[in-house]
Amino acid sequence: MLSKRSLLSGAAVAALCLAATVSPASAQPAAQPAPSMIEALQRDLGLTAEQAVTRLANEARAASTEALLSRSLGAGYAGTWLNADATQLLVATSDPASVAAIKAKGAQPVVVSRSLAQLDALKARLDQAPAQAQAGASLWYVDLPTNSIVVVAKQREAGEALLSAAGIGGDAARVQVSGEQPQTYVNLRGGDPYYIGSGSRCSIGFPVTKGTTPGFVTAGHCGRAGQTTSNPSGTFQGSSFPTNDYAWVATPGHTPQPWVKSGSTNVIVKGSTQAPVGSSICRSGSTTGWRCGTIQQHNTSVTYSQGTIYQVTRTSVCAEPGDSGGSFISGSQAQGVTSGGSGNCTSGGTTYYQPVNEILQTYGLTLKIG
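Residues numbered from 1 in each chain as written. Predicted model: local features only at pLDDT ≥ 70, side-chain atom pairs only at ≥ 80, totals over all residues. Heavy atoms only, no water.

J.: Please give an account of the pairing of strand 11 (residues 213-218) that cites residues and values.
T.: Remember that side chains alternate between the two faces of the sheet whenever the strand is regular. Where burial is concerned, most of strand 11 is hidden: five out of the six residues are buried. Bridge count for strand 10 (residues 206-210) against strand 11 is five bridges, and the pairing is antiparallel. When the sheet's bridge partners are listed, Thr-209 is paired in strand 11 with Pro-214. What sits between the antiparallel neighbours strand 10 and strand 11 is a turn of two residues, in which Gly-211 has the positive phi angle 65 degrees. One ladder, built from four bridges, connects strand 11 with strand 14 (residues 246-250); its direction is antiparallel. Residue Phe-216 lies in a different strand from strand 14, and its bridge partner there is Val-249. (Buried < 20%, exposed > 50% of the residue type's maximum accessible area, 1.4 Å probe, protein only. Helix = DSSP H or I, 4+ residues; strand = E, 2+ residues; numbered from the N terminus. Pairing = 2+ DSSP bridges.)

This is how it looks when you write it as structure tokens:
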């Protein structure tokens, strides 16, 4: 499944004019959106240009509000998400006394029975279940709006077997039957291509530095530590797959730029603040170009044929083989690198990314920002 050549296609990235409605407090500084991001959001989310700009502004404010409330609400915090058109940030809490504080930030409180810490603990039990039980499920995640755990499997019995193996029952979890079958995107490579060994190809996620050494982050399934790359030339310094799906490549002599490429236009990366569930997000890939969708769940565990990957983010962005390793970005904020998915860009699909902040922290890297 190795390809010899690929070209980047698709519209370029569009920037972000802040004209928000979500939260009056703690807004991020205004940043001009790139026209190609606006174009892609219009195409993939069915928005007008004005709606795309407003949505991006709302999402930027929501991300700041989420960061504040996740710290201030304490043990009762149960997660945040945006409604379908990103006009309202919903904040869940298991502590009714927090309702006033949530409203004060312009968000909609939702009182639930389980905190995010409790939900994450339940999901951790699924992550620690025997591999044989995990193999029967396609993915599992914390579903914030329903305050529960969801296991997606081809057969209900397989999903229930995983829940049983993890000792989870009652209304805390449910099985969703689906034919979705995630796979890695290795044979063609997304974003700016690079080549591994004798000719297999992946894509650059985000340029980084480690001290004075330039390089980039990418998917772990693209190569192992010690393997060499060409165009640009470099060496894999660290790689983790499965369990994780991330890697970084050192490229001495090359100049990292704070850009995500989309056609002939660059999106400037300003940081790596995590976007809330429900936010729009775009991906650069050499097979399917620039594609957008929304964030469905953070902290998802997904089972590929090679094993289970933990703590990836699930999105409605489509992708196809060849889009592996490429950049996921929301507004001007780096989000992650393409891991794998299911479906395609003709009928629609689901794609997962490895959050970039974990990669940066694991390897002690600094994201190149503009």
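J.: Describe the confidence of the model for the protein, naming the residues involved and giving the relevant values.
T.: Mean pLDDT over the protein works out to 88, with 90% of the residues at or above the 70 mark. Low pLDDT, under 50, characterises residues 1-29; the stretch is placed with 129 contacts to residues that sit more than four places away or in other chains. A low-confidence stretch, residues 186-190 (pLDDT under 50), is modelled with 39 contacts involving residues beyond four sequence positions or located in other chains. (pLDDT = per-residue confidence, 0-100. Contact = heavy atoms within 4.5 Å.)

J.: Outline the state of the cysteines, supporting the account with residue identities and numerical values.
T.: For the structure on display, the rule yields three disulfides. Here Cys-202 pairs with Cys-222 through a disulfide, and the sulfurs are 1.9 Å apart. In this structure, the disulfide formed by Cys-202 and Cys-222 twists by about -80 degrees around the S-S bond and is classed as left-handed. Note that Cys-202 is positioned in strand 9 (residues 200-203) and Cys-222 in the loop between strand 11 and strand 12 (228-230), a separation of 20 residues in sequence. You can call Cys-202 buried: its relative accessible area is 0%. Disulfide pairing places Cys-282 opposite Cys-292 at an S-S distance of 2.0 Å. Disulfide Cys-282-Cys-292: torsion about the S-S bond near 95 degrees, hence right-handed. (Disulfide = S-S within 2.5 Å.)

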